[in-house]
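# Per-entry structural report
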Amino acid sequence: MANSKSDLKTNDIFNKAYDFTKADEIKSEGLYPYFKPLQATDGTIVKIDGKDVIMAGSNNYLGLTNDPRVIEAARDVIKVYGTGCTGSRYLNGTLDLHLELEEKLADFMRKDSCVLFSTGYQTNEGSIQTIAGRKDIIFSDKDNHACIVTGTLVSNAKTMRYRHNDMEQLEKLLNRADEQAGKLIVSDGVFSMSGTIAKVPELVELKEKFGARLYLDDAHAIGVIGEGGRGSASTFGMMDDVDLISGTFSKSFASLGGFLVGDKEVIEYIRHNSPAHIFSASMPPANVATVLKALEILKEETWRLDRLREISDYMRKELRAMGFNVWSSETPIIPIVIGEMEECFRFWRELLESGVYVNAVVPPAVPRGMSLLRTSYMATHTDEHLDRILDAFRKVGISQGIIDRNGQSLLESQ
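Residues numbered from 1 in each chain as written. Predicted model: local features only at pLDDT ≥ 70, side-chain atom pairs only at ≥ 80, totals over all residues. Heavy atoms only, no water.

### Looking at the packing of helix H4 (residues 96-108) against helix H12 (residues 285-300)
Across the interface, H4 lies against H12 with an axial gap of 10 Å and an inter-helix angle of 30 degrees. Classified by the angle between their axes, H4 and H12 sit roughly parallel to one another. The interaxial crossing formed by H4 with H12 has left-handed handedness. Across from Leu 97, His 98, Glu 100, Leu 101, Lys 104, Leu 105 and Phe 108 in H4, the residues of H12 making contact are Pro 285, Val 288, Val 291, Leu 292, Leu 295, Leu 298 and Lys 299. Tallied by class, residues from the contact of H4 with H12 come to 10 nonpolar, one polar and three charged. (Axes fitted to C-alpha atoms, helices over the stretch in contact; angles between N-to-C directions. Helix = DSSP H or I, 4+ residues; strand = E, 2+ residues; numbered from the N terminus. Parallel < 35°, antiparallel > 145°, perpendicular 65-115°, else oblique. Left-handed = near helix turned anticlockwise from the far one by under 90°. Contact = heavy atoms within 4.5 Å. Nonpolar A, V, L, I, M, F, W, Y, C, P; charged D, E, K, R; others polar.)

### Thoughts on the domain arrangement of the chain
The domains assigned to the chain are domain 1 (26-55 + 302-400) and domain 2 (68-300). In this assembly, 14 residues from domain 1 lie in contact with 19 residues from domain 2. With both chains or domains summed, domain 1 and domain 2 bury close to 1,300 Å², and 62% of this area falls on carbon and sulfur atoms. Here domain 1 is connected to domain 2 by zero salt bridges. At the surface where domain 1 touches domain 2, the tally comes to four residue pairs in polar contact (both at pLDDT 80 or more). Among the secondary structure elements, those contributing two or more residues to the side of domain 1 that touches domain 2 are helix H13 (303-322) and strand E11 (333-339). It is H13 that contributes the most residues to the side of domain 1 that touches domain 2, three residues altogether. Broken down by class, the residue content of the side of domain 1 that touches domain 2 amounts to seven nonpolar, four polar and three charged. (Domains from an automatic or database assignment. Buried area = accessible area lost by both parts, 1.4 Å probe. Salt bridge = Lys/Arg side-chain N within 4 Å of Asp/Glu carboxyl O. Polar contact = N/O pair within 3.5 Å; in protein donor to acceptor, adjacent residues only side chain to side chain.)

### Considerations on the pattern of salt bridges
In total, this model carries 25 salt bridges according to the counting rule given. Residue Glu 100 pairs with Lys 104 through a salt bridge whose shortest N-O separation is 2.9 Å. Pair noted here: Glu 100 and Lys 104 are both in helix H4, with a separation of four residues, about one helical turn. Its salt-bridge partner being Glu 171, residue Lys 209 comes within 2.5 Å of it at the nearest N-O pair. Here the residue Lys 209 occupies a position in helix H8 (residues 200-209), and Glu 171 occupies one in helix H7 (residues 167-176), the gap between them amounting to 38 residues. Salt bridges sharing common partners tie together Asp 67, Arg 69, Glu 301 and Arg 304.

### Section: the environment of Ala 73
Locating Ala 73 in the fold gives a position in helix H3 (residues 68-81). By relative accessible area, Ala 73 is classed as buried at 13%. As for Ala 73 and Ser 328, which are separated by 255 residues in sequence, their C-alpha atoms are 38 Å apart. In contact with Ala 73, other than residues within four places in its own chain, are Ala 289 and Lys 293. (Buried < 20%, exposed > 50% of the residue type's maximum accessible area, 1.4 Å probe, protein only.)

### Brief notes about the side chain of Ser 312
Along the chain, Ser 312 turns up in helix H13. Among the polar contacts listed, one links the side chain of Ser 312 to the backbone oxygen of Leu 308, at a separation of 2.7 Å. Setting aside chain neighbours within four positions, we find Ser 312 in contact with Thr 331, Pro 332 and Ile 334.

Set out below in structure tokens:
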């Protein structure tokens, strides 16, 4: 029989869980912004608590999750392959669809080869720990996604973290490192909280100077920026200069899973040695078919990329004009800095009551006192959607004392 909470000893491993009350405290105030169930969605409009709300917090950048062609592609393959693969790619879980997608992604990304993973998180975690070991050194941007951080930890390689986009500090760390060690520089291509783009030309220059390899996580870049949507390296015309590029299917490609592209020999090594690839069930057929169709649409309908850029520029300009701090965003990810955590939660709740859904991001994901609302936009947002989002931000920003009616930030004067 399990012990009751009153019988717990001081060394009970569950104590940390029983002592965790912060979520309940926030819920009791009606400010809890997480795990909000969506009852229906067409992409840009979602139903929450029976009410239609504009979605301004999704990574559905191309607006394809509800595209009839994508849905039809998923339905069609289920009739042929069923709903799952019931095994890993290494054994019984490889379909001809997987091979087709790997070939088309390698071609699209202009690399020799591609390997699929079951999630985007596993892609980085599984690839980094496989390619870097005890005798190697990883140089990682401090703002990199959690899956990169996990990959560096489980790799057993020495990890040196440099300040966000600080190329001067990165060079110092590289210069200080053991010349005989294998070196891997890892960076987000687009940083998921700030919406900034990595300094790819400088990263390439440093990797060549010090004989390192460069790995870019383009989860928020592929299907978003670059020539034809090919990501951060493509933005600078440097696809050939980046050794490994990872991406995810849960954003622009309207599905679930991830991939890594690079030289054939390196990809084959990861394919045969990555625990995340070998010991995970493979992507279900419908997920693969969804990505194949989304990739086809991305190639054919380049207006989606143009519209996404137009929307991003417009929203950044208008939010700044109101007096909001949107950091140095360069992409459809636009953060709005609010300040303290509870202020951020109150702002989030008033936005939702005004018919707009965004994401509340608080410490430790951001520095203390820099809690923010992460907004992100889709190519399928209409001008009416955008203006309704801006109206809601203006109204709530004034009522919460974040901006004034003249478009000035009130945070700077506090």
